[in-house]
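# Fold and geometry: a report
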Amino acid sequence: MSVDIKGLAARLDEAALNAEAIPQLALEVELISAQAYEIQAAIIARRLGRGEKRNGMKMGLTSRAKALQMGVEDVIWGRITDAMVVEEGAAVSMSKYVHPRVEPEIAFLLKHPLPVGATALEAQNAIAAVAPAIEIIDSRYKDFKFSLGDVIADNTSASGLVIGPWNSAIEDISNLGVAMSINGAVRQVGTTAAILGHPIRSLVAAADLSGRAGETLEEGWIVMAGGATAAEALSVGDHIVVEVQGLGRAAFKIEA
Ligand code: 0L1
Ligand code: MG
């Protein structure tokens, strides 16, 4: 069945721009993953056309907690641009989002390109630094409900990222404790081991998935490894802090 890739991309892009929820695409068209990724790429083309710069990618549904929370089994990925970066410690307006959630992650900064087929050792050697990070996810679909095709098309709910201090000396990221607090109360605890068993596997998978789409991971790109725990919904006034053992913390606030 033919799919109006550009039309559906425009619908999702405008929903994000206007911070307004739209009905799931699945109610009118059943997307296979390849079509959904084409829609995602078309959304990014629109964003680049408005002057945004591509600066990385994100992995999604990398932990069992996230997969269970969303009822989706596959690892998925999305594209990041500079406009999605929220300054660490900043206050962000709720008006930018439909119904945002946050999840604790770690981020990789690449010191050289990482092609398809990279080994875990090559991935490790491509890392310039690692940082504690928060992903702000914001589905453009009503009630945060979607099929696999829907969420891939919606750039895997990518909306914002907050990056804490970059650490270039850390060697073992396999099992670092992770805690996410909102307004001083710990809401999620976990470990980086929840990210595909070891976050480096997420970077290897990122290189494969992105490279197979013709977009080799570039020097200077950020790769968000994926949530270490389930996500938490946000409200106006919330102060979110993610702490990762040995890496430090990343924080931001939501204002009206
Ligand atoms: O980054 C993620 O794991 C999110 C993937 C999309 C599902 C969601 O919106 O939670
Ligand atoms: Mg995520």
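Here the structure is shown first, and the text comes after it.
Below you will find a few notes about this structure. (Residues numbered from 1 in each chain as written. Chains lettered and ligands numbered in written order. Predicted model: local features only at pLDDT ≥ 70, side-chain atom pairs only at ≥ 80, totals over all residues. Heavy atoms only, no water.)

## Brief notes about the coordination of the magnesium ion (ligand 2)
Within the first shell, the magnesium ion (ligand 2) binds the protein through E103 (OE), E105 (OE) and E135 (OE), at distances of 1.9 to 2.1 Å. The sequence pattern formed by the donor residues of the magnesium ion (ligand 2) is E-x1-E-x29-E. Taken together, the positions of E105 in strand β5 (residues 101–110) and E135 in strand β6 (residues 127–137) put the pair 30 residues apart, joining distant regions of the chain. Summarising the burial analysis for this pair, E105 and E135 share the class buried. (Donors = N, O, S within 2.8 Å, 3.2 Å for Na, K, Ca; no water. Helix = DSSP H or I, 4+ residues; strand = E, 2+ residues; numbered from the N terminus. Buried < 20%, exposed > 50% of the residue type's maximum accessible area, 1.4 Å probe, protein only.)

## Some thoughts on the site of ligand 1
Close to ligand 1 lie 14 residues, the nearest being K58, L61, K66, E103 and S157. Measuring from an oxygen atom of ligand 1, one finds a side-chain N or O atom of E103 at 2.9 Å. Here ligand 1 loses 100% of its free accessible area of 300 Å² to cover by the protein chains. Listed by contribution, the elements that provide at least two residues to the shell around ligand 1 are β1 (54–60), α3 (64–70) and β6. When its residues are assigned to classes, the shell around ligand 1 shows 7 nonpolar, 3 polar and 4 charged. (Near = heavy atom within 4 Å. Polar contact = N/O pair within 3.5 Å; in protein donor to acceptor, adjacent residues only side chain to side chain. Areas by Shrake-Rupley, 256 points an atom, 1.4 Å probe, with all protein chains shown as cover. Nonpolar A, V, L, I, M, F, W, Y, C, P; charged D, E, K, R; others polar.)

## Quick look at the packing of aromatic side chains
Counted by the stated rule, this structure contains 3 aromatic pairs. Relative to F146, the ring of Y141 has its centre 6.5 Å away and its plane inclined at 55 degrees; by these criteria the two rings are tilted. Taking 6.2 Å as the distance between ring centres and 55 degrees as the angle between the ring planes, the aromatic pair formed by F144 and F146 counts as tilted. Classification of F146 by relative accessible area gives buried; the value is 15%. Every member of this aromatic cluster is reached through a ring pair, and the members are Y141, F144 and F146. The aromatic ring of F144 is capped on one face by R101, whose charged end is 3.7 Å from the ring centroid. (Phe/Tyr/Trp six-rings, centres within 6.5 Å; stacked < 30°, edge-to-face > 60°. Lys NZ or Arg CZ within 6 Å of the ring centre and 35° of its normal.)

## Section: the nonpolar core
Membership of the largest hydrophobic core comes to 72 residues, with the highest contact counts inside it found for I39, L203, L217 and F252. Of the residues forming this core, the biggest block, 6 residues, is contributed by helix α6 (residues 199–212). Those residues in contact with L203 that lie beyond four places of it in its chain are F108, L110, L114, A123, I127, L217 and V223. Listed in part, the 10 residues of the second largest apolar core include A107, A158, L161 and I222. (Core = buried A, V, L, I, M, F, W, Y, C linked by side-chain atoms within 4.5 Å. Contact = heavy atoms within 4.5 Å.)

## Topic: the pairing of β1
Of all 7 residues in β1, 7 are buried, a share of seventy percent or more. Pairing geometry for β1 and strand β2 (residues 76–81), over 6 bridges, is antiparallel. Note that in β2 the partner of R54 across the bridge is T81. When β1 meets strand β10 (residues 222–224), the two strands line up parallel, connected through 3 bridges. Bridging across to β10, G56 finds its partner in I222. (Pairing = 2+ DSSP bridges.)

## Things to note about the sheet that holds strand β13 (residues 248–255)
In spatial order, the strands read β4-β13-β12-β8-β9; together these 5 strands make up an open sheet with mixed pairing. Bordering the open sheet on either side are β4 (91–93) and β9 (185–191), each of which pairs with just one other strand. Within this sheet the neighbouring strands show an average axis-to-axis angle of 20 degrees, counted without direction. As paired elements, strand β12 (residues 239–244) and β13 share 6 bridges and run antiparallel to each other. Pairing of V242 across the sheet is with A250, part of β13. (Axes fitted to C-alpha atoms, helices over the stretch in contact; angles between N-to-C directions.)

## Description of the environment of E38
With respect to the secondary-structure elements, E38 resides in helix α2 (residues 33–49). For the pair E38 and V178, spaced 140 residues apart in the sequence, the C-alpha separation amounts to 34 Å.

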